[in-house]
2 protein chains.
Amino acid sequence: MQPIFSTLIVIDKALKQPVYLQIANRLMVLVKDGSLQAGYRLPSTRALAALLHIHRKTVILAYDELLAQGWFESRTGSGTFVAKRLPEILHQQLPGSAEGNAAPSQKAGFAFTPTPHLQRRVMQSAGKLHLDDGFPDVRLAPLEDLARAYRSQLLQGDPYIRLGYGDNIGSLRLRQVLADYLNETRCLKITYRNILITRGSIMGTYLACTAFLKHGDTVVTGTMGWGGGEMNFLQAGANVIKIAVDDYGIDVDELEQLCRKQTIRMVYVTSHHHYPTTVTLRADRRLQLLNLAKQFGFIIFEDDYDYDFHYLSKPLVPLASADQAGMVLYCGSFTKVISPAFRVGYLVCPEDVVTHLAQLRRIIDRQGDTMLENAMADLLQAGIIQRHLRKSLRLYRQRRDVFCQLMQQQLGNCTDIQIPDGGMAVWAKFDPAIDLEKLNEKALRQDLYLPPGKWIGAETGLNAMRLGFASSTPEELERCVGIMAKIIHS
Amino acid sequence: MQPIFSTLIVIDKALKQPVYLQIANRLMVLVKDGSLQAGYRLPSTRALAALLHIHRKTVILAYDELLAQGWFESRTGSGTFVAKRLPEILHQQLPGSAEGNAAPSQKAGFAFTPTPHLQRRVMQSAGKLHLDDGFPDVRLAPLEDLARAYRSQLLQGDPYIRLGYGDNIGSLRLRQVLADYLNETRCLKITYRNILITRGSIMGTYLACTAFLKHGDTVVTGTMGWGGGEMNFLQAGANVIKIAVDDYGIDVDELEQLCRKQTIRMVYVTSHHHYPTTVTLRADRRLQLLNLAKQFGFIIFEDDYDYDFHYLSKPLVPLASADQAGMVLYCGSFTKVISPAFRVGYLVCPEDVVTHLAQLRRIIDRQGDTMLENAMADLLQAGIIQRHLRKSLRLYRQRRDVFCQLMQQQLGNCTDIQIPDGGMAVWAKFDPAIDLEKLNEKALRQDLYLPPGKWIGAETGLNAMRLGFASSTPEELERCVGIMAKIIHS
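Residues numbered from 1 in each chain as written. Chains lettered and ligands numbered in written order. Predicted model: local features only at pLDDT ≥ 70, side-chain atom pairs only at ≥ 80, totals over all residues. Heavy atoms only, no water.

A. Region of interest: the overall build of chain A. Looking only at helices and strands, chain A has 17 helices and 15 strands in total. Of the contacts formed within chain A by residues at least 6 apart in sequence, a portion of 71% connects residues at least 24 apart. (Helix = DSSP H or I, 4+ residues; strand = E, 2+ residues; numbered from the N terminus. Contact = heavy atoms within 4.5 Å.)

Take a look at the structure:
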């Protein structure tokens, strides 16, 4: 029987929450509680809009939201359906008597405002082969060295001091060694007092957004951009404006026009290499951006997550290295250097900002993993990380070339790729006729994991994937492209 | 005047860095610090090579590097020049040598609202002896087992899966093992789906406050209470009301009166053992509290950070175990079990709340330390943590008795202590005539660390310290009390 949507979905126009989000949230709850089952065919956007007496565009926005989040799936020509492969959470039985204290929470004290802009990330069921989002090859990482250093941090020295509470700001040793390393590799001129150790770039982003964004502040970011950043801006209540990104990074002229019209609080930029398209911000745009920051007083949040992986001579030094006016928050991480599993990153900023952010950090997770931070310091000081970087850089460059060549040879007629100057992924545009969702499904059946080809806020008709080449050997890459080609050409 | 390049550029062939990069870096610094100005015509590669006694090709590589990076520009037929196009970057004065880019931030884009309710915590300069805030004796912890388990998590199995991105909700294995452990030890009735792994109690508190408190909501807590909780309530914009705590925990009658007057969103309670006074919430008050939660619809945040350390027969089971209405968020941690350095804790709550909090967690630090979480699961499953707990419980009980006896014998005339039923610290009230600040100072000079005797929100004239006994052996405790007695009685 057709659920009575006009009863199930109640819209309150007095709420601040946009109507399309109200609808999306409500539909999500209906899927969660089983009212709408996997595979259920939803009413057309036109029909639902008529039922709810709203504009069809609003329904389209709501559906798009749920499509992007993976709750819904669309099948060309036949409509929109509740996704069949819902994340694990959805198939779990809802809380009930069997679950002990897992009473249905919304009925009780736990009423919370759903945050549709946030999504839980469930571990990917990676195939044996993968062209991932751009991860490092952890098989190359100096894990033995790291394990040894960690062990010695854990077992040697005064245990009371070593294993007690530490400083919220991070390990002093890592801050010192890292300051030298960043000065050397990135032309910064900082001391350890300008460094806050974080749990990766995401915590750097979170702390900056929590400290500097007030509800209603405007954040400018490129389109398309990194979901982790955008979720943070939205969670902080910011108004997010997206500006164009071309082959040379974000369009700084567009930013300037914006600045003349309204107050911008923060500009989020991945100077090297823009996510997902991998482009590098050109030198003159960097200067212009710094000038605008000075002139209009906004913060530049420079997420330089893969600075270390650049294949053309040397990378452009970060914006932070030329920042004289104190406008740049520089954010980095060891995620791409070692592995995403080791949550160690850093923020570089003025000293009083470091202290302020450390205070915030204290109430979030108290402190980092002192043993791991000191072990990282050991590896940096011994040059082990640097050696690993040189080795990976060489291998990744080779893998990039192999991968691009394979793509051009076997899929050149239906894909458009540009050889990236750096990073671990290739931005590949596919012929619009190729259904990327089906491609993913078929590939997974042959044990090849491909990342989803869904890009929120992308230009219309964009049919593209970000294909990570760094984590596979040339032989593996050959098999990956072979599988893709066979599926596409069959 | 021609700069004396042979003096300005020093090459160290012993360095790992290639010579051409040494030259390029040095030239970059010279441009940055103004020694080489925009438009300056550089010596020819041949001339510089001769000056530096190196191969010309090396100089060409260095120049190419700087050309590629935009520092130099070449004009056909007339040579290589310091670029004119990047004057802003190139001629800025370098940041002060000591502060790096620590420009006074409040003048620039980084204006932030100071948060006087938050304080950074710097590592204590612990003396050789210590009566701390109530920390475990990390010398007893199964560190060898943990190091081994961590190492095997780090090095064994498919590295791509093991060291890739994990689930924001925490390690599935730890959640499973922990659910069994909590059901067994705390009479809960939960599955892994009710567990979110956190980075200790503080992250549990942070997530709950962020998810459930709106600006202006009222949180009730005991006076005195735990700073980590209070900082979180204030950061979330809550109105904090403190109710009395007597020998049997928070005054639930006072809470009831409050509830009749105003809406309470959350009650924060350490049922076992209240911080800092160590009292246990009496059974009848527990029931009354649960009833009030049901009646008035508030959340009980039960911080049960040291449930495992109770010396009287068996501890009272947590409020969460008797919660039928889904009003309790149960929070625990391994901080007191192993060491504060391992940031692993958990929240127990309804399944949809777990999902909601995991979404929030994703934008904060992405995920926990999967290796460490799995290593903890190994230790729990092998019964190593349980064995460690039995051993520490026995030793801590003995230490508590020794410590209380020593205090009564040597300081009985000027202190008032109650033997605690559990936990790792004794609440000691001192004679008002004793200046605790001076006592601390004098003790530290004799290598004994005592915690500060300052209690915010304490009743007037309270002169008390929370003295941790668990991390010292009986012999060490004897020396600690001896030092205190000597100072006080001298």
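B. Broad picture of helix α12 (residues 283-296) of chain A. All names here are of chain A. With 14 residues, α12 extends 20 Å from end C-alpha to end C-alpha; this agrees with the ideal 20 Å at 1.5 Å per step. Along α12, the residues classified as buried are Ala283, Arg285, Arg286, Leu287, Leu289, Leu290, Leu292 and Ala293. Note on α12: the residue one or two positions beyond its end, Gly297, has a positive phi of about 75 degrees. (Expected span 1.5 Å × (residues − 1). Buried < 20%, exposed > 50% of the residue type's maximum accessible area, 1.4 Å probe, protein only.)

C. The nonpolar core, seen in detail. The biggest cluster of nonpolar side chains holds 222 residues, and the ones touching the most others in it are A:Leu289, A:Phe342, B:Leu289 and B:Phe342. Those residues in contact with B:Phe342 that lie beyond four places of it in its chain are A:Tyr150, A:Leu154, A:Leu163, A:Met371, B:Leu143, B:Leu146, B:Leu372 and B:Met376. Counting residues in each nonpolar core, the second largest holds 65 residues, with A:Phe112, A:Met231, A:Phe233 and B:Cys331 among its members. (Core = buried A, V, L, I, M, F, W, Y, C linked by side-chain atoms within 4.5 Å.)

D. A look at the pairing of strand β5 (residues 218-223) of chain B. Residue and element names in this part refer to chain B. Burial analysis of β5 places five of its six residues in the buried class, which makes it a mostly covered element. Both β5 and strand β6 (residues 239-246) contribute to a ladder of six bridges, which runs parallel. Paired with Thr223 across the two strands is Ala244, which belongs to β6. Once the chain exits β5 it traverses helix α10 (residues 227-235) before rejoining the sheet at β6, and the crossover so formed is right-handed. In this sheet, strand β8 (residues 266-269) lies alongside β5 in parallel orientation, the contact comprising two bridges. Residue pairing in the sheet places Val219 in a bridge with Met266 of β8. (Pairing = 2+ DSSP bridges. Right-handed = clockwise from strand over helix to strand, strands pointing away.)

E. Spatial organisation of the pattern of salt bridges. Residues and elements named next belong to chain A. Taken as a whole, this structure holds 36 salt bridges over all chains when the rule is applied. The partner of Arg193 in a salt bridge is Glu351, and the shortest N-O contact between them spans 3.3 Å. Separated by 158 residues along the polypeptide, Arg193 in the loop between α8 (172-186) and β4 (195-198) and Glu351 in helix α13 (residues 351-365) bring together distant segments of the chain. For Arg193, a relative accessible area of 26% corresponds to the partly exposed category. With a shortest N-O distance of 2.6 Å, Glu256 and Arg260 are connected by a salt bridge. Of this pair, Glu256 and Arg260 both sit in helix α11 (residues 252-261), four residues apart, which is roughly one turn of the helix. Accessibility expressed as a relative area gives 21% for Glu256, which makes it partly exposed. Overlapping salt bridges, with partners in common, bring together Asp137, Arg139, Arg399 and Glu476 in one network. (Salt bridge = Lys/Arg side-chain N within 4 Å of Asp/Glu carboxyl O.)

F. Quick peek at the interface of chain B and chain A. On the chain A side, the residues contacting the 119 residues of chain B number 118 residues. When the buried surface of chain B facing chain A is broken down by residue, B:Phe110, B:Tyr160 and B:Ile363 rank first, second and third, together holding 8% of it. Summed over the shared surface of chain B and chain A, the result is two salt bridges. Put simply, B:Arg151 and A:Glu144 hold a salt bridge, and the shortest N to O gap is 3.1 Å. Linking chain B with chain A are 17 residue pairs in polar contact (both at pLDDT 80 or more), by the criterion used here. (Buried area = accessible area lost by both parts, 1.4 Å probe. Polar contact = N/O pair within 3.5 Å; in protein donor to acceptor, adjacent residues only side chain to side chain.)

G. Structural detail: unusual backbone geometry. Here the bond from A:Tyr275 into A:Pro276 is cis, since omega is 0 degrees, no more than 30 degrees from zero. Tracing the sequence through the fold places A:Pro276 in the loop between β8 (266-269) and α12. Of note, the bond from B:His272 into B:His273 is cis; its omega dihedral lies within 30 degrees of zero at -25 degrees. Within the chain, A:Arg366 stands out as a residue other than glycine whose phi angle is a positive 75 degrees. Along the polypeptide, A:Arg366 turns up in the loop between α13 and α14 (370-381). A relative accessible area of 7% places A:Arg366 in the buried class. Unusually for a residue other than glycine, B:Asp447 sits at a positive phi of about 70 degrees. Examined against the element boundaries, B:Asp447 turns out to sit in the loop between α16 (436-445) and β14 (448-449).

H. How the structure looks around the environment of A:Arg285. Residue and element names in this part refer to chain A. On the secondary structure map, Arg285 appears in helix α12. The spacing of Arg285 and Leu172 is 113 residues in sequence and 35 Å in space, taken between C-alpha atoms. With residues near it in sequence (within four places) discarded, Arg285 still touches Asp246, Tyr248, Gly249, Ile250, Asp251 and Val252. One polar contact links the side chain of Arg285 to the main-chain carbonyl oxygen of Tyr248, over a distance of 3.5 Å.

I. Seen up close, the sheet that holds strand β15 (residues 464-468) of chain A. Residue and element names in this part refer to chain A. Strands sit in the order β12-β13-β15 across an open sheet of three strands; the sheet is antiparallel. Looking at which strands have only one partner, the edges of the open sheet turn out to be β12 (415-417) and β15. Going across the sheet, the axis of each strand differs from the next one's by a mean of 30 degrees, ignoring polarity. Here β12 pairs with strand β13 (residues 425-430) via three bridges, running antiparallel. Across the sheet, residue Asp416 finds its bridge partner in β13, namely Lys429. In this fold helix α15 (residues 384-411) packs onto β12, β13 and β15, with an angle of close to 155 degrees to the strand it touches most, β12. (Axes fitted to C-alpha atoms, helices over the stretch in contact; angles between N-to-C directions.)

J. Structural view of the confidence of the model for chain A. Residues and elements named next belong to chain A. Looking at chain A as a whole, its pLDDT mean stands at 87, while 90% of the residues score no less than 70. Within chain A, no element has a lower average pLDDT than helix α5 (residues 88-91), which sits at 34, and none a higher one than β4, at 98. Note that pLDDT drops below 50 for residues 87-107; the model gives that stretch 54 contacts with residues more than four away or on any other chain. Quick note on the complex model: pTM equals 0.80, ipTM equals 0.80. (pLDDT = per-residue confidence, 0-100.)

K. Structural context of the pairing of β15(A). Residue and element names in this part refer to chain A. Among the five residues of β15, five are classified as buried, and the element is accordingly described as predominantly covered. Residue alternation in β15 divides its side chains into two sets, Ala464, Arg466 and Gly468 and Met465 and Leu467, and both sets are buried. In the sheet, β13 pairs with β15 via five bridges, with the strands oriented antiparallel. Bridge pairing links Lys429 to Ala464 in β15.

L. Examining the packing of aromatic side chains more closely. Residues and elements named next belong to chain A. Applying the stated criterion across every chain yields a total of 18 aromatic pairs over all chains. Three or more aromatic residues link up through ring pairs in this structure, and these residues are Trp226, Phe233, Tyr268 and Phe301. Over the aromatic face of Phe81 sits the side chain of Arg75, whose NZ or CZ is 3.8 Å from the ring centroid. Here the guanidinium or amino end of Arg282 rests over the ring plane of Tyr248, the centre of that ring lying 4.7 Å away. (Phe/Tyr/Trp six-rings, centres within 6.5 Å; stacked < 30°, edge-to-face > 60°. Lys NZ or Arg CZ within 6 Å of the ring centre and 35° of its normal.)

M. Looking closely at the packing of α13(A) against helix α9 (residues 201-212) of chain B. Between α13(A) and α9(B), the shortest axis-to-axis distance is 5 Å and the interhelical angle comes to 100 degrees. When the axes of α13(A) and α9(B) are compared, the pair comes out roughly perpendicular. Residues A:Arg362, A:Ile363, A:Ile364 and A:Asp365 of α13(A) form the contact with α9(B), whose own contacting residues are B:Ile202, B:Met203 and B:Tyr206. Among the residues forming the contact of α13(A) with α9(B), the class breakdown is five nonpolar, no polar and two charged. (Parallel < 35°, antiparallel > 145°, perpendicular 65-115°, else oblique. Nonpolar A, V, L, I, M, F, W, Y, C, P; charged D, E, K, R; others polar.)

N. Seen up close, the sheet that holds strand β15 (residues 464-468) of chain B. Residue and element names in this part refer to chain B. One open sheet accounts for three strands, arranged β12-β13-β15; its pairing is antiparallel. The two strands at the open ends of the sheet, each matched to only one other strand, are β12 (415-417) and β15. Along the sheet, successive strands turn relative to each other by an average axial angle of 30 degrees, direction set aside. Docked against the sheet, helix α15 (residues 384-411) engages β12, β13 (425-430) and β15, running at close to 155 degrees with respect to β12. Running over the sheet, α16 touches β13 and β15 and is turned about 35 degrees from β15.

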